[in-house]
Each structure stands twice: as C-alpha cells, then as structure tokens.
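Chain by chain, the residues:
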Amino acid sequence: MPGSDTRRRWLPISSRPWRAAAYLMVRIPLPALAVGGLAISLSNGGELRWLAVGLPVLTTYAVLIVVTAGIERRAVTLLGQPEIPDPHRDGDGQGWVAALGQFLCEPATRREIIHGAARAVLLPLDLLLFLGWLVSVILLAAPALVGAGPVMAWPFTLRTTGEAWAGCAGGLAMLILNAYLTTGAANGHALLARTLLGPRGDELRAQITDLTRSRLRLIDAFDVERRRIERDLNDGAQQQLTALAMTLDLARIALEQTPHEEASRLVAQAHGQAKNTITELRELIHGIHPPVLTELGLAEAVRVLADRAPIPVRTAIELPERPPGSVETAAYFVVAEALANAVKHSAATIVTIDLRVTAGCLILVISDDGIGGADRDRGTGLIGLGDRVAAVAGRLTLSSPPGGPTVLRAEIPCPPSDQPANR
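Residues numbered from 1 in each chain as written. Predicted model: local features only at pLDDT ≥ 70, side-chain atom pairs only at ≥ 80, totals over all residues. Heavy atoms only, no water.

1. What about the overall build of the protein?
In terms of regular secondary structure, the protein is built from 15 helices and seven strands. Put simply, the protein has 423 residues, and 36% of those count as buried. Counting contacts in the protein only where the partners sit at least 6 residues apart, residues at least 24 apart contribute 69% of the total. Within the structure as shown, the protein displays about 23700 Å² of accessible surface, and the carbon and sulfur contribution to it stands at 64%. (Helix = DSSP H or I, 4+ residues; strand = E, 2+ residues; numbered from the N terminus. Buried < 20%, exposed > 50% of the residue type's maximum accessible area, 1.4 Å probe, protein only. Contact = heavy atoms within 4.5 Å. Areas by Shrake-Rupley, 256 points an atom, 1.4 Å probe, with all protein chains shown as cover.)

Shown next, in the form of structure tokens:
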C-alpha cells in the first residue's frame, strides 16, 4: 500500500506532511484567483461593478472548476490514496452538442461546482496552515538572524538572543504541530473530494450499463470483421488454391501422356501440397466462424459437434428462440473446446450436453465421466473460454475433482432475439 513505510515512522519525520503540503498547494491557486477577483470587484463597490467583474469571475471559476475536476481526482494520489473514479457517463455515439447537454445536466457536474465553492470557503484555512509553516521556519532560524536586527515572525518580534532561542523552541513545536494539522487538513480535503467528486450508486450503475453496451458493440464489430476475413479467405485464397490444384492436375495428366519422371514427381508433390493447403484453409475458415452456426443456429451446430465427436455425446437442448449472435458464438466455442478436452485428456466414455434458456439466461452444462483433474489455470484453452464468456457478461465455472466427473458450466445473459428459433 502506498505510504505504508512512512506510516511506521513518527509522522513529523515521514514524507506524509510534505505530500499533504503538496496536495494543498495544488488546490490553492484556482480558488485564490477567484477569491482575489471577487475581492477586487467588491472593494470598488457599486452594483454595476459587481455585475461587470464579480459575475464573470464566478462564471469563469465554475467553468474552470468543472474542467479541472479530473486534476483534483488525480491529486489525491499525492497522499498515497487511489485516484477518484470519474462519475461522468461516456458520451460515446452522441454528437458534441448532445454530449455537452448530458454533461451539464449530470448531478456530478453540480457536485463539482459545489466542491469548488467548498474549496473557496476553505481557502483561508489552507493559507493559515502555510503561514504557520512560514512562521515556524523563521522562528527556527531566529538565533542566526537576530544578530542582524529584530526578527519579525508574525505575530512575534524577537530582539534579543534569549528571545531568539525561545522562539526557536517555539518554532520547533509549531513545526511539529503544523505537520499534524496539515496532514489532517489534507486528508479531510481528500475525503470531501472523494465524497463530492466520486461516483454515486446510480452513476456507477449507469457507467456499468454504458460499459456493457460498449463491450457488446465491440464484440459485434469484431464478429463482423471476423466474418469479413472468413469471406475473403473463402472467396479469395481458397478459390485461387483450388484453381492451382486444378491446373496442377491438368499438368499431371499432360505429363502422363508425355512421361517425364522428375517433372511428374514434382507436379504430383505440388498437387498434394495444394490439396493439403485447401483442407487446412477450409478448417481455418470453419474455426473462425462455423457456417453451420450462421445458417442453422446454435442448437443444430451443437448437434453437429456431438455427431462428429469420436465418443458418444448425449444432448438435451431447449431453446425457445435463437439467441443473439454473440451469445451463440460464445456458447458454441465452449461446447467445441469442452468436447476436444474430453476426447484428448479425460478418457471419458460419454459426454452430456445440457443447453437451455432460463429466466433470460442461457445455461450450458457439459459433463463427462472421465478421470477429472482438469484445471482452468493450466493451459490457454479454458482461460480463453473464460475470457470469451466474460466478454458477453457471462460466467464460466469448472468442477473437476480427481477421478471425475468433470462439469463445465457457462451462464450467459440472453436477451430476446429477433432471429427465428432453432429446436
């Protein structure tokens, strides 16, 4: 924890008072300028003078307070505290006029202005603390300065050597007292800042909603890009390789009519490599986004995976309607990875897949009667599945004691979809 070493020391000889003083110094300039401007406008008197100077000063101060609120949130790190989260909602997807209107109407903006007013009200206290630091330093130096004449340290005037040494002792006591007062004042300011500038319950929920929507937009955009890559591979590289294989096949037939042993061998080798490349490319395209998932939906895609598995797979699927694309994709790859792990590592004789939607949540349970001992922290397969499910606000849990059984459970929020059902 930041500052834990210095907290073990006596406070006046630690870095905490200096960090507290630096924090207060960051806070002083802006309210000091505002208070100074108001003092000038009021000293000359007159209502017109107040309207001409005071009102613009207050307006400018309010704007600057809101604009620099982010600095105030970060400034608490000088005290070894975590940065205050920004309570404002993201204006993603809005025009600047709508985003500005939303910003001005937010309760967080009003609290920032209230915090700015509190800073101005507490300004005399901050200045008094720094005056105390200055007086204590002058008193400490009084024995060295008194020879050149009286030492002025408000509200003290030291004229003799004895008074100077007494003032030095008082300066030391004042320095220690200022260390505690400054640290306490800085912590109080930080608490006030965290209360007024940090997010409240409704704002946290709104931010979570915005982040969820943003994440889903990113997932959808990634899915569109992935399908574009799949289409380009299918329509471009795969077609060219198919044409190459056909050309090599024609060349091989021609060489059979005019035999040339070495050329025939090379053409046959190239033809085999082209066919292998086409097969690997087709498998790659299938892995990017299985066509059966797009065309038939999650229920049929899971049944196809079960039919292709080299071990018996029992399925129980109840989907009243087709889930959204991002949910389908996440669930499909969970099934595919779980079946692959069961075949490779579990020595299972049967796998059971239970897929259903309950209370707006897709529940996927995959179990096998294998030897167990699976660990999601070893290897990247289960970790990747957990990340994929978490990306759609879901949760993945694994139970796999030694000796089995292994049970993989995914719970994914599943809002209603406009796509047709697949039973």
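Resuming the write-up.
2. Points about the nonpolar core
Counting residues in hydrophobic clusters, the biggest one holds 36 residues, and the most contacted among them are L298, L362 and L364. Elements with a contribution of two residues or more to this core: α12 (291-296), α13 (298-308), α14 (325-346), β4 (351-358), β5 (361-368), α15 (381-391) and β7 (406-413). No other element matches the 10 residues that α14 contributes to this core. Discounting chain neighbours no more than four positions away, the residues touching L298 are L293, L319, P323, E328, A331, Y332, L355 and L362. In terms of nonpolar packing, the next biggest core, distinct from the first, is built from 13 residues, A20, V76, L129 and A185 among them. (Core = buried A, V, L, I, M, F, W, Y, C linked by side-chain atoms within 4.5 Å.)

3. Concerning the sheet that holds β5
Read across the open sheet, the five strands follow the order β3-β4-β5-β7-β6; overall the sheet is mixed. Across the chains shown, the open sheet's two edge strands, defined by having one partner strand only, are β3 (313-318) and β6 (395-399). When the angles between neighbouring strand axes are averaged without regard to direction, this sheet yields 10 degrees. In the sheet, β4 pairs with β5 via eight bridges, with the strands oriented antiparallel. Its bridge partner lying in β5, T352 is registered against S367. Sitting on the sheet, α13 touches β3, β4 and β5, and the angle it makes with β3 is about 175 degrees. Most of the contacts of α14 go to β5, to which it runs at about 5 degrees, and overall it touches β3, β4, β5, β6 and β7. (Pairing = 2+ DSSP bridges. Axes fitted to C-alpha atoms, helices over the stretch in contact; angles between N-to-C directions.)

4. Concerning the packing of aromatic side chains
If you walk through the whole model with that rule in mind, you get two aromatic pairs. Where W18 meets W133, the ring centres are 5.6 Å apart and the plane angle is 35 degrees; that geometry is what we call tilted. Within this pair, whereas W18 is found in helix α2 (residues 16-27), its partner W133 is found in helix α7 (residues 107-140), the two being separated by 115 residues in sequence. The exposed category is assigned to W18, whose relative accessible area is 57%. (Phe/Tyr/Trp six-rings, centres within 6.5 Å; stacked < 30°, edge-to-face > 60°.)

5. A look at the pattern of salt bridges
A complete count under the given rule lists nine salt bridges for this structure. The shortest N-O distance in the salt bridge between E112 and R73 comes to 2.4 Å. With E112 in helix α7 and R73 in helix α5 (residues 69-75), this residue pair connects regions lying 39 residues apart in the sequence. Taken as a pair, E112 and R73 share a single burial class, namely buried. In this structure, E328 engages R322 in a salt bridge whose closest nitrogen and oxygen atoms are separated by 2.8 Å. (Salt bridge = Lys/Arg side-chain N within 4 Å of Asp/Glu carboxyl O.)

6. As for the packing of α2 against α7
Look at α2 against α7: their axes get within 10 Å of each other, and the N-to-C directions meet at 130 degrees. In this view, α2 runs oblique relative to α7, as classed from their interaxial angle. The handedness of the crossing between α2 and α7 is left-handed. Facing P17, W18, A21, L24, M25, V26 and R27 of α2, the residues of α7 in contact are H115, R119, D126, L129, F130 and W133. (Parallel < 35°, antiparallel > 145°, perpendicular 65-115°, else oblique. Left-handed = near helix turned anticlockwise from the far one by under 90°.)

7. A short note on a nonpolar patch on the surface
Taken together, the side chains of L128, L131, L134 and W154 present a nonpolar region at the surface, about 450 Å² in accessible area. Position of L131 among the secondary structure elements: in helix α7. Residue L131 is classed as partly exposed on the basis of its relative accessible area of 32%. (Patch = residues over 30% accessible without salt bridge, like charges linked within 9 Å, V, L, I, M, F, W, Y side chains within 5 Å.)

8. Observations regarding the pairing of β6
Looking at chain direction, β6 and β7 are connected through five bridges and run antiparallel. Each residue of the ladder has a partner; that of T397, found in β7, is R409. Connecting the antiparallel pair β6 and β7 is a turn made up of six residues, with G403 showing a positive phi of about 95 degrees.

9. A word on the confidence of the model for the protein
Close reading of the predicted structure is inappropriate where its pLDDT is low. The share of residues in the protein with pLDDT of 70 or more is 68%, and the mean pLDDT across the chain is 76. Confidence drops under pLDDT 50 across residues 1-7; counting only partners more than four residues distant or on other chains, this segment forms 10 contacts. (pLDDT = per-residue confidence, 0-100.)

10. Quick look at the environment of I383
Within the fold, I383 resides in helix α15. The class of I383 is partly exposed, set by a relative accessible area of 34%. Note: C-alpha distance between I383 and L396 (13 residues apart in sequence) is 9.7 Å.

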